[in-house]
Each structure stands twice: as structure tokens, then as C-alpha cells.
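As a plain string of letters, each chain reads:
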Amino acid sequence: MTIRTALAQGTELLAQAGVGAARLNAEVLLAHAFHRDRTYFYAHPEQELREVEWIHYGRYLHERMQGKPTQYITGKQEFYGRDFRVTPAVLIPRPETELLVETVLRLQPRCLVDVGTGSGAIAITLKLECPALRVYATDISADALQVARANARNLQADVQFFEGDLLTAFGCGIADAVVSNPPYVPLADRDTLQREVRDWEPHLALFAGASGTDVYRRLLPQAMRVLAPGGLLALELGYGLAGEATALASEWHDIQVLPDLAGVPRVLTCRAPGLPQKARAGSYNADPHR
């Protein structure tokens, strides 16, 4: 079995199973079995697979045909130019979420809390892109935090992680920014999701009640408490939820909704009432439990 033949057969099997981008998926899975980059295949199409490589490739194809996302098979997903470890305990980071990161970086906070951190992709990226930024991250899932901490170690990011429901682990006025990509899928939309999402990604990180706004409703008042006056709140928006989320933030100041590259409203930013605190050394280095 040569690389050329293996890719052709894998592509056909995945396509028959209804997997989108079948050729790309076949290449990624074969690269994972080979422990090589996909570009290797174009230079060595006639190389024969060893038995162990064929066995692993066959297993990966079977898992993908059953709907398991490629990222959970390979155990990694790129986000903002870095590879993050992912497991079924965490949501797979999406390219759309990079707009949330870029928005926060542009606004230059000094101390930030990432709520529902999952794999840690947002918190770790913000810390690595802005080393002076003090970053806390929280999640209700102990399994997700285990993945996030491993990513922080692997990428050498100094992020402090806390287990808890939204912002309950944090005291008043300890940060000047709160960022979150929260659950926002309405339960009624469950059956319309791709099977890779519906059957494999953690429901705790996906669904937010009948309308998709349950977490927004709980998070906004908690963020108001945790933020210093004038502090920034930045949230990723679910499809069609910009209007409801904006209405929920009616007590906040400087409300803005930013579209992604496809023109879809993707990020909501707003400011806590009150004048921003004057910048001073250590002003946001307080104990988060205070």
C-alpha cells in the first residue's frame, strides 16, 4: 500500500461516509499515522506504508467515519498560529474566536479573566501575545482545566487557572477586563448541528438554555461585580443573538458589536459603569478571591 493509494482509498471512504473535505481529512489522518507533515506525501507518493502505519491509519479513518472530529483523533488544533491540545473534554477552538482575541489585544487591558476557558486557547494566546498582561482563567469542568493547564505548560504561558462556575471564584473589582466565548447554542438547535459537534463536543460548552442566552444572563451581572469601574467585557456572540445580548447589556456603557470576516455579528464589547481607575503599578494584582 503506497501513500498515493492510501490517500485515494481514505478519501473515497470518508466521502462515502459523508465527511466534508474528505481529501484533506485523509491527508491529516495519514500524516498523524506517519508522524510527518502533509507536505511529505507530495514528495514521496510511492512510498509504501509500514504495517503499523496502515493499522493506525485504518483506525483513524474508522473513527472519522463514525463522526469523531479529526481534531480529537489527532489531539490538536491550531489557534492563532499555535498548536493546542484538545480532547473531548473541551470545545475545539474555531478561527472565528480569533476576532475576540484581536479585539481584546487592541484594547490593551492589564489584568484579565477568561471565563469558560476550555482548552485555554483564549487565555494562553492573550498572555503570549501580551506578556505584561496578568491573566486568570476559569472553568467549571475539572477535565477541561486539566487540558488548559497542559497547554499552558507546553506553550510556556503564565496563566493562573481556577475551577468554578463562571466568575464565582473571583472577588470584586479585581480585573479591568473579562473575556469569554460562552455556551450560546439554543437547545432547540441541537438536532440541526453537525454530528461532529452534536455527538462529540462537550454539551456543557455548547448549550445555553432554550434561547441560547442563559449564560449571558448570568455572566453579565457577575462581570459587573468583578470588573473595576470602566472595565472591559468582551463576549463571543452566537448566530442571531446580537440583539438579545445587546439588550441584556443595557446597563453597560460603550456597547459595540463587531462582525467577523463573513459579516456575521461575532463579538460584543462594553464597559462597566464608572470612570476607569488611574493606571498605577500593581493596581490589578489583587488576590482574585478577595
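Note that this is a predicted model, so its numbers are computed, not measured. (Residues numbered from 1 in each chain as written. Predicted model: local features only at pLDDT ≥ 70, side-chain atom pairs only at ≥ 80, totals over all residues. Heavy atoms only, no water.)

**Student:** Looking at this structure, how should I read the overall build of the protein?
**Tutor:** Secondary structure assignment for the protein yields 11 helices and nine strands. In terms of overall dimensions, the protein has C-alpha extents of about 70 × 40 × 30 Å along its principal axes. Out of the 290 residues in the protein, the part that is buried amounts to 51%. For the protein, the computed accessible surface area is about 13,800 Å², with 51% contributed by carbon and sulfur atoms. In the protein, 29 side chains carry a positive charge and 33 a negative one; their mean positions are 5 Å apart. (Helix = DSSP H or I, 4+ residues; strand = E, 2+ residues; numbered from the N terminus. Buried < 20%, exposed > 50% of the residue type's maximum accessible area, 1.4 Å probe, protein only. Areas by Shrake-Rupley, 256 points an atom, 1.4 Å probe, with all protein chains shown as cover. Lys, Arg positive; Asp, Glu negative; His and termini not counted. Charge placed at Lys NZ, Arg CZ, Asp CG, Glu CD.)

**Student:** In this structure, what is going on with the confidence of the model for the protein? I would like to understand it.
**Tutor:** Close inspection of predicted coordinates is inappropriate for parts of the model with low pLDDT. Across the protein, pLDDT averages 93, with 95% of residues at or above 70. Confidence over residues 278–286 falls short of pLDDT 50; this stretch has 13 contacts with residues more than four positions distant or in other chains. (pLDDT = per-residue confidence, 0-100. Contact = heavy atoms within 4.5 Å.)

**Student:** For this particular structure, what's the right way to read the nonpolar core?
**Tutor:** A general tendency of soluble globular proteins is for nonpolar side chains to be buried together. Judged by nonpolar contacts, the single largest core of 36 residues is most densely connected at V113, L167, F170, V178, Y216, L233 and W252. Secondary-structure elements contributing two or more residues to this core are β3 (111–115), β6 (175–180), α10 (214–226), β7 (227–236), α11 (242–248) and β9 (265–271). Not counting chain neighbours up to four residues away, the residues in contact with V178 comprise V113, V115, L167, A223, V226, L227, L232, L233 and A234. With 27 residues, the next largest nonpolar core counts L112, A121, I122 and A234 among its residues. (Core = buried A, V, L, I, M, F, W, Y, C linked by side-chain atoms within 4.5 Å.)

**Student:** So what exactly am I meant to see when it comes to the packing of aromatic side chains here?
**Tutor:** For any pair of aromatic rings, geometry is given as the distance between the ring centres together with the angle between the planes. For the coordinates displayed, the defined rule picks out eight aromatic pairs. For the ring pair Y136 and F170, a centre distance of 5.9 Å and an interplane angle of 50 degrees mean the geometry is tilted. Taken together, the residues Y136 in strand β4 (residues 134–139) and F170 in the loop between β5 (160–163) and β6 connect sequence positions 34 residues apart. Each member of the pair, Y136 as well as F170, carries the same accessibility label: buried. Centroid distance F162 to F170: 5.2 Å. Interplanar angle 70 degrees. Geometry classified as edge-to-face. Considered together, F162 and F170 belong to a single accessibility category, that of buried residues. Between the NZ or CZ atom of R36 and the centre of the ring of Y40, over which it lies, the distance is 4.0 Å. (Phe/Tyr/Trp six-rings, centres within 6.5 Å; stacked < 30°, edge-to-face > 60°. Lys NZ or Arg CZ within 6 Å of the ring centre and 35° of its normal.)

**Student:** Could you clarify how one ought to interpret the sheet that holds β6 in this entry?
**Tutor:** The strands making up a sheet associate through backbone hydrogen bonding, with each pair oriented either parallel or antiparallel. Taken together, the seven strands give an open sheet; going across it, the order is β5-β4-β3-β6-β7-β9-β8, and neighbouring strands pair in mixed fashion. Strands at the two margins of the open sheet, each flanked by one partner only, are β5 and β8 (253–259). On average, adjacent strands in this sheet sit at an angle of 15 degrees to one another, irrespective of strand direction. With respect to the sheet, α10 is in contact with β3, β6 and β7, its orientation differing from that of β7 by roughly 150 degrees. (Pairing = 2+ DSSP bridges. Axes fitted to C-alpha atoms, helices over the stretch in contact; angles between N-to-C directions.)

**Student:** Just checking my understanding: could you explain the pattern of salt bridges for this structure?
**Tutor:** Two side chains carrying opposite charge are able to pair once their charged atoms lie near each other. Taken as a whole and judged by the stated rule, the model has 14 salt bridges. For E27, the salt bridge goes to R38, with nearest N and O atoms at 3.0 Å. Note that E27 is positioned in helix α2 (residues 22–34) and R38 in the loop between α2 and α3 (39–43), a separation of 11 residues in sequence. Its relative accessible area of 3% is what places E27 among the buried residues. Note that R190 and D191 form a salt bridge whose closest N and O atoms lie 3.5 Å from each other. (Salt bridge = Lys/Arg side-chain N within 4 Å of Asp/Glu carboxyl O.)

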